[in-house]
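# Breakdown of the fold
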Amino acid sequence: MFALSAAAATTTAASSPAAVTHHTYEDTASSVAQSPVAQSSPAQSLHATNTPRPRAPYEADEAEDIDGHQWTEENLSGLKNRELQDILAGLGLKKSGKKIELIDRILGREVVENKPKWKNSKARALLVKLLMDKDSNVHNMTWQQIHSSHEWFSEFDAKSFKKYVKDLRKANLKKMAIINEDNRIIGAELMRFPRPDKTSRGEPFWDTHPSKLLLRADLKAGKHLEMKPRKLRQSRPEYQAFSLKTFRRHIYQEKRHQKELPLRVHRRNKKAKYKYEKEVKENATSWDGNNAVVETVLSDEESNKSD
């Protein structure tokens, strides 16, 4: 009896392969099974045995389901968002977005735009520099005029750029207020405590004395290798303003400075920073010049009309 039951069960399973695999693919392909393509051909259901894994659009010439049937915009449009998201999950693709975006992603038509980042962009650095200049024409321009005034600004979409200009103008007012207040406090302190002509040791301040640049030139010429500190100090009258102890200490400081200066990382960073700042400065200068010409032409036209 048990043998007959087992045989009957085996016969039933063999005659209905879809029933055997129903539980295997039910979770991953239930949504696709409801599509017009799947419903129109039950014999070629998604529940067929030994079917390959779902392929992403980039793995096939066109988007296909796991039976090799072509997905089209027409049959995908008939599915709900949840069903489209299940398909995308099976393909290992992102599930967020509007329905048309989900369909485009399944069909491999989604276009991913690489938008430039504002935070560290040259456009932001240029705009900050222009806003910090009290005499710049940028203060008399609308965000639309600024947006079209330079190719760096035009890289950003109008809606985002409008917000960037608004935020920077607001931040610039606060920054300028802080700078002015700091300058006022520093100026008041300098008036109260002016810097003396000499240090507590009765020597001039090294940072503002001609000896600093002279010693830098002498060390670059290698004079410190030919002469000891005492003799080097006697080679120039400017050095005589400092004691031998002080002068020797500045020799060691300058040697360390010149030794560290050529280091690759330092040189690379300084060169990149210089190039970046130079480019921003040149564009700020040309920007002001171009807009000054435009402003002059407009003012001349207005004066001619009034005449």
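The preceding data block contains the structure.
Residues numbered from 1 in each chain as written. Predicted model: local features only at pLDDT ≥ 70, side-chain atom pairs only at ≥ 80, totals over all residues. Heavy atoms only, no water.

## A closer look at the pattern of salt bridges
One side chain can pair with another of opposite charge once the charged atoms of both are near each other. For the structure shown, the criterion picks out nine salt bridges. Of the charged contacts in the structure, one is a salt bridge between aspartate 207 and arginine 195, with a shortest N-O distance of 3.0 Å. Of this pair, aspartate 207 sits in the loop between helix H10 (158-192) and helix H11 (211-220) while arginine 195 sits in the loop between H10 and H11, and the two are twelve residues apart along the sequence. A salt bridge links arginine 216 to glutamate 254; the nearest nitrogen and oxygen atoms lie 2.9 Å apart. Of the two residues, arginine 216 sits in helix H11 while glutamate 254 sits in helix H14 (residues 244-260), which places them 38 residues apart along the sequence. We classify glutamate 254 as buried; its relative accessible area is 8%. The network of salt bridges with common partners includes Asp218, Lys223 and Arg236. (Salt bridge = Lys/Arg side-chain N within 4 Å of Asp/Glu carboxyl O. Helix = DSSP H or I, 4+ residues; strand = E, 2+ residues; numbered from the N terminus. Buried < 20%, exposed > 50% of the residue type's maximum accessible area, 1.4 Å probe, protein only.)

## With respect to the packing of aromatic side chains
In total, this model carries seven aromatic pairs according to the counting rule given. Site record: aromatic cluster; members linked through ring pairs are Trp118, Phe153, Phe156, Phe161 and Tyr164. The ring centre of phenylalanine 205 lies 3.7 Å from the NZ or CZ of arginine 195, which sits over that ring. (Phe/Tyr/Trp six-rings, centres within 6.5 Å; stacked < 30°, edge-to-face > 60°. Lys NZ or Arg CZ within 6 Å of the ring centre and 35° of its normal.)

## Points about the packing of helix H7 (residues 122-132) against H10
Two numbers describe how H7 lies on H10: the axes approach to 10 Å, and their chain directions differ by 50°. Here H10 runs oblique to H7, going by the angle between their axes. Two packed elements cross with a definite hand, and for H7 against H10 that hand is right-handed. Of the residues in H10, those in contact with Arg124, Leu127, Val128, Leu131 and Met132 of H7 are Val165, Leu168, Arg169, Asn172, Lys175, Met176 and Ile179. Tallied by class, the residues present in the contact of H7 with H10 amount to eight nonpolar, one polar and three charged. (Axes fitted to C-alpha atoms, helices over the stretch in contact; angles between N-to-C directions. Parallel < 35°, antiparallel > 145°, perpendicular 65-115°, else oblique. Left-handed = near helix turned anticlockwise from the far one by under 90°. Contact = heavy atoms within 4.5 Å. Nonpolar A, V, L, I, M, F, W, Y, C, P; charged D, E, K, R; others polar.)

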